[in-house]
Amino acid sequence: MLPPEEKREVIRVKAAERGLILTGEHWHLIEISFDYYRQHQTICTLRNLIKLSGLEKKRIYKLFPGNPIGEISQITGLPMPKEC
């Protein structure tokens, strides 16, 4: 489930500040991250994100360069995992 519209606008702005223009694939990964957080009270690992999204690791890195989980945490406000 995607975050509420007002939260999505904040995410869009934060992403743009970091040089990201969010596409459907970005939102798919963000949605997975929010759903995972709601269920487990922690952000998912890259391994889980790959598994749950069906996207290849290379594609996820292309969408969120550098540290995909860290980038998702930064723009969504979800807690940064210990590994980042």
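Above: the structure in question.
Residues numbered from 1 in each chain as written. Predicted model: local features only at pLDDT ≥ 70, side-chain atom pairs only at ≥ 80, totals over all residues. Heavy atoms only, no water.

A.B. asks: Looking at this structure, how should I read the nonpolar core?
C.D. replies: In summary, soluble globular proteins display a tendency toward joint burial of nonpolar side chains. Ranked by internal contacts, the top residues of the largest apolar core, which has 22 residues, are I11, L22, L29, I30, L49, F64 and I75. Counting only elements with at least two residues in this core, the list comes to α1 (5-17), α2 (24-40), α3 (46-53), α4 (57-63) and α5 (68-76). Here this core takes 6 residues from α2, the largest share from any one element. Setting aside residues up to four positions removed in sequence, L22 forms contacts with I11, R12, A15, W27, I30 and I75. (Core = buried A, V, L, I, M, F, W, Y, C linked by side-chain atoms within 4.5 Å. Buried < 20%, exposed > 50% of the residue type's maximum accessible area, 1.4 Å probe, protein only. Helix = DSSP H or I, 4+ residues; strand = E, 2+ residues; numbered from the N terminus. Contact = heavy atoms within 4.5 Å.)

A.B. asks: When you look at α3 in this model, what are you seeing that I'm missing?
C.D. replies: Residue pairs three or four apart in sequence face the same way in an α-helix, which turns once every 3.6 residues. Within α3 the residues assigned to the buried category are L46, L49 and S53. Projection of α3 onto a plane perpendicular to its axis shows the buried side chains occupying an angular sector of 55 degrees, all on one side. Along α3, the residues that are exposed and aim more than 90 degrees away from the buried face are R47 and K51. Summarising the contacts, the buried residues of α3 are in contact with α2, α4 and α5. Within two residues after α3, G54 carries a phi angle of roughly 80 degrees, on the positive side. (Arc of directions from axis to C-beta.)

A.B. asks: Can you walk me through the side chain of E71 in this structure?
C.D. replies: Mapped onto the fold, E71 is located in helix α5. For E71, a relative accessible area of 15% translates into the label buried. If near-sequence neighbours (up to four positions away) are discounted, E71 is found in contact with R18, L20, F64 and P65.

A.B. asks: Would you mind showing me how to read the packing of α2 against α3 here?
C.D. replies: Describing two packed helices takes the angle between their axes plus the distance from one axis to the other. The geometry of α2 relative to α3 is characterised by a closest axis approach of 10 Å and an angle of 115 degrees between their N-to-C directions. Compared by their axis directions, α2 and α3 come out roughly perpendicular. α3 is crossed by α2, and the crossing has right-handed handedness. In contact with H28, L29, I32, S33 and Y36 of α2, α3 contributes N48, L49, L52 and S53. (Axes fitted to C-alpha atoms, helices over the stretch in contact; angles between N-to-C directions. Parallel < 35°, antiparallel > 145°, perpendicular 65-115°, else oblique. Left-handed = near helix turned anticlockwise from the far one by under 90°.)

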